[in-house]
Amino acid sequence: EHLNNTGAYAALARFTLGDIVAGLSTNRWYMTPIPERPAFPAVEAYYKRLSERPAFMQHGRNGVP
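(A) The arrangement of the side chain of arginine 61 in detail. By the element assignment, arginine 61 lies in the segment after helix H4 (54-60). Buried within the structure, arginine 61 lacks any salt-bridge partner; glutamate 52 is the closest side chain of opposite charge, at an N-O distance of 9.8 Å. A distance of 3.0 Å separates a polar side-chain atom of arginine 61 from the backbone oxygen of proline 65. In this view, arginine 61 contacts Asn27, Tyr47, Ser51 and Phe56; residues no more than four positions away in its chain are not counted.

(B) Local environment of the environment of leucine 12. The residue leucine 12 is located in the loop between helix H1 (2-6) and helix H2 (17-31) in this model. In sequence terms leucine 12 and histidine 2 are ten residues apart; their C-alpha atoms lie 9.8 Å from each other.

(C) Just H2, in detail. Taking 1.5 Å of rise per residue, the 15 residues of H2 would be expected to cover 21 Å, and the 22 Å separating its terminal C-alpha atoms lies within 8% of that figure. Along H2, the positions that sit buried rather than exposed are Asp19, Gly23, Thr26, Asn27 and Tyr30. Along the long axis of H2, the arc covered by the buried residues comes to 100°, so they all point the same way. Opposite the buried face of H2, by more than 90 degrees, sit the exposed residues Leu17, Val21 and Arg28. Looking at the packing, one finds that the buried side of H2 touches helix H3 (41-51) and H4.

About the cut-offs
Residues numbered from 1 in each chain as written. Predicted model: local features only at pLDDT ≥ 70, side-chain atom pairs only at ≥ 80, totals over all residues. Heavy atoms only, no water. Helix = DSSP H or I, 4+ residues; strand = E, 2+ residues; numbered from the N terminus. Buried < 20%, exposed > 50% of the residue type's maximum accessible area, 1.4 Å probe, protein only. Lys, Arg positive; Asp, Glu negative; His and termini not counted. Salt bridge = Lys/Arg side-chain N within 4 Å of Asp/Glu carboxyl O. Polar contact = N/O pair within 3.5 Å; in protein donor to acceptor, adjacent residues only side chain to side chain. Contact = heavy atoms within 4.5 Å. Expected span 1.5 Å × (residues − 1). Arc of directions from axis to C-beta.

So this is what it looks like as C-alpha cells:
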C-alpha cells in the first residue's frame, strides 16, 4: 500500500538504506518458483525501479535480468 501511495521507494521518494533490505527480499520473492504468483503492480514497479540501478542489478539481482 505504501508503494501505491508514494510510487517511489520503501521509505521516501528517493532510494535509502531501507531499499537495500526491501529490494533483496523482493528479489528473493521473484526468484522463488511460485506457480500462481499474485499480481502486485506497485511491487512490480518498485522492483523495476530498483533494477534500473546498476548496483542493484549487480549485487541485488546477482546480474540476473
